[in-house]
Every structure is written in C-alpha cells, then in structure tokens.
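# Geometric and topological summary
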Amino acid sequence: MVKLTIDLIARGTSGYTKKKRDESMSQYLRRLTHLYLEDRNIDEVSDELSMCKNLSVLYLYDNQLNRIPMLHQNQNINMLYLQNNDICKIENLTPLSRLSKLYLGGNCITVLEGLDKLDNLQELHLENQRLPPGEKLLFDPRTIRSLSRSLQVINVSGNNLNSISDLECLIMIQQFHATDNQLMDMKELANIFGQWHRLWRLDLMGNPLCHKAKYRDRVIVMASHLEILDGKEISETSRQFLRNWHASKEVQKKKREEIYRKGNVGDFLDGNKELPPVKDPRNPKVPGYMMPGLPRKQFDELLARTTTNMSEKPEPDRTTPVKARSGILRSKNAEDFADFKNSTTITSAPVRRRPVNMTFELTGNLDSTHHIKPDHLLGH
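Criteria and thresholds
- Residues numbered from 1 in each chain as written.
- Predicted model: local features only at pLDDT ≥ 70, side-chain atom pairs only at ≥ 80, totals over all residues.
- Heavy atoms only, no water.
- Helix = DSSP H or I, 4+ residues; strand = E, 2+ residues; numbered from the N terminus.
- Buried < 20%, exposed > 50% of the residue type's maximum accessible area, 1.4 Å probe, protein only.
- Contact = heavy atoms within 4.5 Å.
- Core = buried A, V, L, I, M, F, W, Y, C linked by side-chain atoms within 4.5 Å.
- Pairing = 2+ DSSP bridges.
- Phe/Tyr/Trp six-rings, centres within 6.5 Å; stacked < 30°, edge-to-face > 60°.

Going by an unreviewed UniProt entry, the chain carries the name PPP1R42 and comes from Mytilus edulis.

## Some details on the overall build of the chain
Within the chain, the secondary structure is distributed over ten helices and 18 strands. A burial count over the chain gives 31% of its 380 residues as buried. In the chain, once contacts between residues fewer than 6 apart in sequence are set aside, the share between residues at least 24 apart is 39%.

## As for the nonpolar core
With 67 residues, the main nonpolar core has L49, L58, L80, L115, F176 and L204 as its most contacted residues. At four residues, the largest contribution of residues to this core is made by helix 4 (residues 186–193). Contacts of L80, omitting those with residues within four sequence positions, involve L58, L71, L93, L96, L99, K101, L102 and Y103.

## Remarks on unusual backbone geometry
Trans is the prevailing form of peptide bonds, just as negative phi is the prevailing case for residues other than glycine. Non-glycine residue N92 carries a positive phi angle of around 60°. Looking at the secondary structure, you find N92 in the loop between strand 5 (79–81) and strand 6 (101–103). Of note, N128 is a non-glycine position whose phi angle comes to about 55°, a positive value. By the secondary structure assignment, N128 is in the loop between strand 8 (123–125) and strand 9 (138–139).

## Points about the sheet that holds strand 2 (residues 34–36)
Within a beta sheet, neighbouring strands are joined by backbone hydrogen bonds and run either parallel or antiparallel to one another. Taking strand neighbours across the sheet as the criterion, the ten strands line up as 2-4-5-6-8-10-11-12-13-14 in an open arrangement whose pairing is mixed. Strands with a single pairing partner mark the edges of an open sheet, and in this sheet they are strand 2 and strand 14 (232–233). As judged from the three bridges shared by strand 5 and strand 6, these two strands associate in the parallel manner. Bridged to L80 within strand 6 is L102.

## Notes on the packing of aromatic side chains
Tallied over the full model, the rule gives six aromatic pairs. Ring centres of Y81 and Y103 lie 4.4 Å apart, and the angle between their planes is 10°; this geometry places the pair in the stacked category. With Y81 in strand 5 and Y103 in strand 6, this residue pair connects regions lying 22 residues apart in the sequence. Here Y81 matches Y103 in class, with each residue buried. For the pair F193 and W196, a centre-to-centre distance of 6.2 Å together with 50° between the ring planes defines the contact as tilted. For the residue pair F193 and W196, the accessibility class agrees, reading buried in each case.

Encoded structure:
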C-alpha cells in the first residue's frame, strides 16, 4: 500500500516542469498544473496535495483508492481521472466548481449522485462499474436535472441498464455511449432522441435492440442529426434516402388507417399487392390463400407438368376376349359391354372379309309350315 507523499508528487511531473535550483518545494508544488500519478498502487492521498494550488489535471487512475480524495484546496482542477480504482461512492467533488471532465469508469459505484453542484461538467464517464450480481447503475434525479444544463458527453456502457428514460432531460447531450447493456425498447429511444436535438454520436452495440429488424435504419431516422452510429459514419445520401423511405411508410400507414376508418376496404385492396385470404369452395370451413406469384421459369415448368398430366389417360384393362358359341367375341368383364352399348359412334380398322362356307344339318321332323329364324342359327 502506498500513501501519496511530497516526494511522490515531485516524481509525478513531466520533464517540462522540473524543479529549479533556486526554487523552494512549496513554490514548485504551487506552480504545478499536471500530476501523473497513475498506476502507483496509491490507496491514500495525503494533505500535501493541497499545496498544488494551480493543479488543473490530475491522473490518479489504475490505483487502489476506495474513496475520492479531498480536493477542496484544488479548486482549479478541470480534469480528474479516477478510473479503475475501488471507489464505491461519488463524493468530495462539490468544491471543484471548474471541473469539466470526470472519469470514474471501472469502479464500484452503484448510484450516480453527488454532482448537482458541478455546473460546468461536460463529460462524465461511468462505464463498466463492478456492480453486485443482478444490479444496475441507478441515477439520482436531482443530479441528472443539474447536469442537464451542461453535460455533453456521457458514457454508461456495461452497467446492466434496461432503460435510459431517467436521462431524457439531458438535452445538451452530443455523445452518448451505452454499449453492452440490456436496452431493447425502440419506442423509448425514439422518445429520448426526440429531446436530444444535439446528439451527433451514438454507440449502442451489444444491446438486444441491435438485433431487431432494420435497427440501424430506424435509429438514423429517429436521431435526425446523428453523424456516427456504432463507430460508422452516416452519409448524407443514406440519411436522405431513409428519411424519404420513412415518409413514404408514414403516408401509406395513414392511408390504410383512413380507409379502415371509413370502412371502404375495396379501395385498399385495389392498391394492395397482397391479396386477402379466400375460402376454398370445396370446404368453406377451412380458409385458403391465393397462390403467390412464381418466377416465370418456375411457372412455365409447373404449367408444362400440369398439361402433360391432363393429356395422359389411363390405359384400359386389356382382358382376353372369349369367343361365344354364336361366333361373337365376348369379354369376360361386363363393363366392356356396358361401354359398348352406351357409345354412339364406333370407329374400327377395316376388316378383310373372307367368304365363309356354312353347312347345316337338320334332324327330326321338319314341318313345312315352320320357318327357321335367324336367332336360332346364332344360338340364341
């Protein structure tokens, strides 16, 4: 553990502010403006720091401080670097009325508070606080209202935030960094960006809302003056295109609402490419849908297959005909005769006729008054 001493302070200066030979230590400390005391394992700051009356920039990051040191004698400080310590509470900063940049990232702070007297604070960095499991960074309303008149840059990345509605009153914000949080409400962002008219840089990577459809396009439309989103510059051409796209969507939305309000749905359907569902006449209880349009090549293939299937007819059952005693070819299936009788026109190939010699043998008594009928010759 290291305590800050005068010797350590003297060694924490740059080569441009070396102590002169005829200069006393108090005079030397009094004219110091920058102190580089980072990464020195300092856990306690002594009163010797109060001798640096003209100190404007103090680097105390990467140490082991568990509280913000008393700096009431260093009212000229405008940049204070205290990140990566063990600080749990924001305090002892009220005398620093000229403070413009405050770095407190990587500590154990759970509530943003104690800054309501810092009227000149422009940058506040509170990223990646070591919070208890399941906790998120909280904001004191009185502090936020006080900072709304001056704060231009705020970094609250990595603090389990699921809402930033408490920061809506920071109307002077120009840069907002909130990566690696739990933000997912696009409507909340739209309301906040409507108040932040000076916002030109925004970082939201690592939040669930980044996975929503058209996330980047929607954010650019919401924040009209945005120049950099997630580290990528926004060109004026893409901004104007998205504005026109959004205006067109709004016009269509209002038109649909007006048509539904009047109940004239037919006009809406005439200009809508997506047809409504229709009922299947074979089964009216089951709703169906119109088949969507197909590419030309796929449609031609489908049409060709359908035509081929319709042109193909099932082949008749080729059963072996049986010759009856009468000499007429008969089929084993009765259906063939039914089709034969019902048909009106019979077309067959020409048959080559040959003369047939027939011999009749009559037995029994033959009455001359009887005539032989043709049916008897055919065996009927």
